[in-house]
Amino acid sequence: MYSVREVAEKIGAEIAGDESIELKGLAGVEEAGPGDLAFIANKKYLCFLETTRASAVIAASGTTSDKVTLLLHPDPYFAFMKAVMLFHPQKTYAPSLHPSAVIADSATVHETAHVGPNVVIDEGVAVGKGSAVLANTFLGEGTTVGDDCLIYPNVTLRERSLVGDRVIIHSGTVVGSDGFGYATSEGKHHKILQVGRVVIEDDVEIGANVTIDRATLGETRIGRGTKIDNLVQVAHNVRIGEGCIIVSQVGISGSTKLGKYVVLGGQVGLVGHIELGDGVQVGAQSGVARGVEAGKTVFGSPARDISRTMKIEACLRKLPEHIKLLRELDKKLSGPSSDDD
Amino acid sequence: MYSVREVAEKIGAEIAGDESIELKGLAGVEEAGPGDLAFIANKKYLCFLETTRASAVIAASGTTSDKVTLLLHPDPYFAFMKAVMLFHPQKTYAPSLHPSAVIADSATVHETAHVGPNVVIDEGVAVGKGSAVLANTFLGEGTTVGDDCLIYPNVTLRERSLVGDRVIIHSGTVVGSDGFGYATSEGKHHKILQVGRVVIEDDVEIGANVTIDRATLGETRIGRGTKIDNLVQVAHNVRIGEGCIIVSQVGISGSTKLGKYVVLGGQVGLVGHIELGDGVQVGAQSGVARGVEAGKTVFGSPARDISRTMKIEACLRKLPEHIKLLRELDKKLSGPSSDDD
Amino acid sequence: MYSVREVAEKIGAEIAGDESIELKGLAGVEEAGPGDLAFIANKKYLCFLETTRASAVIAASGTTSDKVTLLLHPDPYFAFMKAVMLFHPQKTYAPSLHPSAVIADSATVHETAHVGPNVVIDEGVAVGKGSAVLANTFLGEGTTVGDDCLIYPNVTLRERSLVGDRVIIHSGTVVGSDGFGYATSEGKHHKILQVGRVVIEDDVEIGANVTIDRATLGETRIGRGTKIDNLVQVAHNVRIGEGCIIVSQVGISGSTKLGKYVVLGGQVGLVGHIELGDGVQVGAQSGVARGVEAGKTVFGSPARDISRTMKIEACLRKLPEHIKLLRELDKKLSGPSSDDD
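Rules used in this analysis
- Residues numbered from 1 in each chain as written.
- Chains lettered and ligands numbered in written order.
- Predicted model: local features only at pLDDT ≥ 70, side-chain atom pairs only at ≥ 80, totals over all residues.
- Heavy atoms only, no water.
- Contact = heavy atoms within 4.5 Å.
- Buried area = accessible area lost by both parts, 1.4 Å probe.
- Salt bridge = Lys/Arg side-chain N within 4 Å of Asp/Glu carboxyl O.
- Buried < 20%, exposed > 50% of the residue type's maximum accessible area, 1.4 Å probe, protein only.
- Helix = DSSP H or I, 4+ residues; strand = E, 2+ residues; numbered from the N terminus.
- Arc of directions from axis to C-beta.
- Polar contact = N/O pair within 3.5 Å; in protein donor to acceptor, adjacent residues only side chain to side chain.
- Least-squares fit on C-alpha atoms with pLDDT ≥ 70 in both.
- Pairing = 2+ DSSP bridges.
- Phe/Tyr/Trp six-rings, centres within 6.5 Å; stacked < 30°, edge-to-face > 60°.

K.L.:
Outline the interface of chain A and chain B, listing residues and values.
P.N.:
Taken together, the contacts link 67 residues of chain A with 66 residues of chain B. Summing the contributions of chain A and of chain B, the shared interface buries around 5100 Å²; its carbon and sulfur component is 60%. The tally of links between chain A and chain B comes to five salt bridges. The partner of B:K191 in a salt bridge is A:E205, with the nearest N and O atoms 2.7 Å apart.

Structural data, given as structure tokens:
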């Protein structure tokens, strides 16, 4: 339980409304009740200011309401992020090695790390200070996990993966599986041994059931601060820059490079051996077959500059009427068309 | 071994043909041999009535054959479902706690439940009567699994997940992973703690390697009787109504709501914060960027009313010829076009 | 450390350049330094011959360079495959049963097999000679794994799966999960028990987090030598022929059949109950709704013959200009159009 003033101070917001209320927790603006703090980061939901039963709502500076106390912040989502941390302190994992964990003699697990039940830690692995490796996870030979990492249950990190500090990896994710490479000769696909590794830099978060293949030679690399959603495929030798956002079910083919702060929408596919410059944004379900210059936003399958795709799309939407007009013109000019269908 | 009369009675079918035969098992209509019962639910396969070596075939009422005995039912797939249960009684799991399972002191596992090898059950978990939790599965702190559930090997249910009765969850699936939410400020993506949970109502079935993220606040909810295929992504705060069918590799973005009996074809993508009304059907690979009213069928990327998409598609199919005609008209009217390419 | 002559002999290449050099390892052409052997299989990278610091480069016969020693081979990727095997002998797993593995009494594990920590092997399982089953993997009742297989950590093979020889299955993959089949009657989706199995023939490799559903009746079958990338969905009763290449995130719906040497690009979706003939190739992100004759290459959603798709695409690219021309023609003929938007 916090006073609205305490909350405002902690999250850096201004109060507009009743300054005397007490807040007991957070809730969605539609579900909230008395004592709850809600938030509106998306304008689409501003209408709920009229009907919410929340005691206070975090909203963008400039928002007004005569129904509910507002906590105003220029970046309401950022203020909300702080409010969640205030009301829900993050779970911590006490230093401990569960007796059922199987830890190789040559592995070094920092004394402040937490290793859960049935975890398997192979030869030569290093786990840094304050890191938690949860139930049933496998760390392959020579893998390094840095400090303050959180590896959820049922994760697989194959041999020689290198994971930085403060990395979060969700359940079911596989890091370091073999890249998909075969030399086909006389009807037989001969496996190319995949002898490179995966490097995951600091502050990366990787969702559930993601697959990140090891490099054929050298490295597959995920840049510092990049966030990857669930069920994403990252092929061998891909290099992802810093601060990228990769939404669910994206597929990135081998050797493709992403600059910094690239954003890929859900279900996007990138072919191999191309480069997307810094700040490129790709709309959901797009198929990108060529490199994209820094700063561009592309969309569609095949992906084009988004304004061009929108223009084509506007024509497509009316294509039956356009074709009808075309036939009428043809009839006027030449008599009945022979292009019947 | 059952007589065709016994089978007909148990599955509620009428016999057309030889009533004296004995049936020893089920087989596909193409692979079946003497003594086998086959089925045809899809008209496309009716031709196999001529060639099948099965002793009897379940088919839709009104079907005729002078080659093979038919078991006629108005809904042959439903009759087939019953026949499978007759010939293949469902596997049961004896009450037992495998000695290798790691079960927290505060967890309550019903005495009739089955807990397989290397299962990890965290503090405060409850597992209901008759439920089976198979090898290497993880149930996080405070998770509740109802009665008569079947949780296959290598599943992860993160903390505070609430699973109803008669729920089936296939291997590799992750329930309750963190939603994908960051507040970006000064080039840093700050993680929004995801403190909600996932609720899975009664009679839901979830395929293999599915990911269902916990809510930021509140709940991600899968409605009663909904069936989800493999490799589907359900983002945070999504609400899926009763009786929906979600085919493989679908992605549903955050906060989107599905009504009852919605059907999503394979690889469909839905953007976040939209609503699909009861009974909406979405064709495979569609991209849905706006809400859809109850009862509509949409298709395409972007998804439109299916008849409109089909009309546009019919024009597209002949687009090169249409454009050729356009150029000819242009030539007639204005001399050689300047729009060469 | 090998002399360039030794390497040339082992990989069957001709030396063009300095025959006296020693090679200590392999590296990518961009990252390589002195003592490294690099390779160029893709013409796109030939430009790096000018700048690479490698001591030698494997390249296609006919390539020339005055900067670096070349190892020339008609199929440079094949020669590279051999070079990787030369410099990086494949990891082997010593015969052993880890004491933490849970192995049913009726299972038969060959004395030369390797079973890792926390592996669970159910009743009636057979594991053949020289096979390795790594940490936390589950082999269900009656499953057979042939000789010289490699099953990575956290894999699930459900009951009665039949795996041939020299099969590789990567982490997180689920083989034999139930097919997605329900008979819907009076608003309830009744589960069709899935009582068939999965058969994986010799020399198949299956990537990470793949799902292959068991057949309703009979078999789901993956043909000899077929290679499947990560996150692919193979539905019940699918039959894949020999030597196919299935790239990441493909979805194949129920009962569809692939001939031999079919290639499916990334994120392709196939509807159920169709047949793709031998040698069919399908471009990335295509949606295939009809059968395809042997030898054809199709592309697009809906998939068409690739040359037709390219022709349509060329028209689409200029559609706004075509429509503008159409309106101008209309204006000339009839005065201002009534089709404003």
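Moving on from the model shown.
K.L.:
Summarise helix α1 (residues 4-11) of chain A; cite the residues concerned and give the values.
P.N.:
Residues and elements named next belong to chain A. Burial in α1 covers these residues: V4, V7, A8 and I11. In a view along the axis of α1, the buried residues occupy a sector of 100°, so they form one face of it. Structural note: α1 exposes R5, E9 and K10 on the side pointing more than 90 degrees away from its buried face. Downstream of α1 by a residue or two, G12 has a phi angle that is positive, lying close to 70°.

K.L.:
Mind laying out the interface of chain C and chain B, listing which residues take part and the relevant values?
P.N.:
Between chain C and chain B, the residue contacts involve 66 residues of the former and 66 residues of the latter. Between chain C and chain B, the buried area comes to about 5100 Å², and carbon and sulfur atoms account for 60% of it. Remark: the boundary between chain C and chain B carries five salt bridges. One salt bridge in this structure joins B:E30 and C:K257, with 3.7 Å as the shortest N-O distance. Here chain C is connected to chain B by 28 residue pairs in polar contact (both at pLDDT 80 or more). For the side of chain C that touches chain B, the secondary-structure elements that each account for two or more residues are β21 (174-177), β22 (182-185), β23 (188-191), β26 (211-213), α3 (306-317) and α4 (319-334) of chain C.

K.L.:
Can you explain the relation of the copies chain A and chain B? Please cite residues and give values.
P.N.:
The transform that puts chain A on chain B rotates by 120° and translates by 0.0 Å along the axis, for an RMSD of 0.0 Å. Here the transformation between the copies is reduced to the relation of a three-fold axis.

K.L.:
Explain unusual backbone geometry residue by residue, including any values.
P.N.:
The omega angle of the peptide bond from A:S301 to A:P302 is 10°, so this bond is cis rather than trans. Residue placement: A:P302 occurs in the loop between β39 (297-299) and β40 (304-305). Its identity as a non-glycine residue notwithstanding, B:D203 has a phi of 65°, on the positive side. For B:D203, the position within the fold is in the loop between β24 (197-200) and β25 (205-206). The buried category is assigned to B:D203, whose relative accessible area is 18%. Look at C:Q285: it is not a glycine, yet its phi comes out positive at around 65°. Within the element layout of this structure, C:Q285 appears in the loop between β37 (281-282) and β38 (287-288).

K.L.:
An account of the environment of C:K257 is needed here, citing residue identities and associated values.
P.N.:
Along the chain, C:K257 falls in strand β33 (residues 257-258). For C:K257, a relative accessible area of 28% gives the class partly exposed. Apart from the residues within four sequence positions on either side, C:K257 is in contact with B:E30, C:R239, C:I274, C:E275 and C:L276.

K.L.:
Describe in detail the pairing of strand β27 (residues 219-222) of chain A, supporting the description with residues and values.
P.N.:
All names here are of chain A. Where strand β24 (residues 197-200) and β27 come together, four bridges link them in parallel fashion. Note that in β27 the partner of R197 across the bridge is E219. Note that β27 and strand β30 (residues 239-240) share two bridges and pair parallel. When the sheet's bridge partners are listed, R221 is paired in β30 with R239.

K.L.:
Would you mind going over the pairing of strand β21 (residues 174-177) of chain B in detail, with residue names and values included?
P.N.:
Residue and element names in this part refer to chain B. Sheet analysis places strand β18 (residues 156-157) next to β21, joined by two bridges and oriented parallel. Note that in β21 the partner of L157 across the bridge is V175. Bridge count for β21 against strand β26 (residues 211-213) is three bridges, and the pairing is parallel. By the bridge assignment, V174 is partnered in β26 with T211.

K.L.:
Tell me about the pattern of salt bridges, and name the residues and values.
P.N.:
On inspection of all chains with the given rule, the structure shows 63 salt bridges over all chains. In this structure, A:K191 engages A:D178 in a salt bridge whose closest nitrogen and oxygen atoms are separated by 2.9 Å. Here A:K191, found in strand β23 (residues 188-191), pairs with A:D178, found in the loop between β21 (174-177) and β22 (182-185); they are 13 residues apart in sequence, far enough to count as distant. When sorted by exposure, A:K191 lands in the same class as A:D178, which is buried. C:E159 is the partner of C:R214 in a salt bridge, and the nearest nitrogen-oxygen pair spans 3.9 Å. Note that C:R214 is positioned in the loop between β26 and β27 (219-222) and C:E159 in the loop between β18 (156-157) and β19 (162-163), a separation of 55 residues in sequence.

K.L.:
Just give me the short version of the sheet that holds strand β34 (residues 263-264) of chain A, but keep the residues and values in it.
P.N.:
Residue and element names in this part refer to chain A. Strands sit in the order β8-β11-β14-β17-β20-β25-β28-β31-β34-β37-β39-β40 across an open sheet of 12 strands; the sheet is mixed. Two strands close off the open sheet at either side, each with one partner strand: β8 (96-97) and β40. Here two bridges tie strand β31 (residues 245-246) to β34, and the two strands are oriented parallel to one another. Within β34, the position partnered with I246 by the bridge is L264.

K.L.:
Go over the packing of aromatic side chains, please, and point to the residues and values.
P.N.:
Here the structure, examined in full by the defined rule, presents 18 aromatic pairs over all chains. With a centroid separation of 5.2 Å and an interplanar angle of 85°, the aromatic rings of B:Y2 and B:F87 are classed as edge-to-face. A residue pair is termed long-range when its members are at least 10 positions apart, and B:Y2 in strand β1 (residues 2-3) and B:F87 in helix α2 (residues 76-87) qualify at 85 residues. The class of B:Y2 is partly exposed, set by a relative accessible area of 24%. Exposure remark for B:F87: the relative accessible area of 15% places this residue in the buried category. Taken together, the ring pairs in this structure connect A:F39, A:Y77 and A:F80 into an aromatic cluster.

These values are about where atoms sit, not about what they do.
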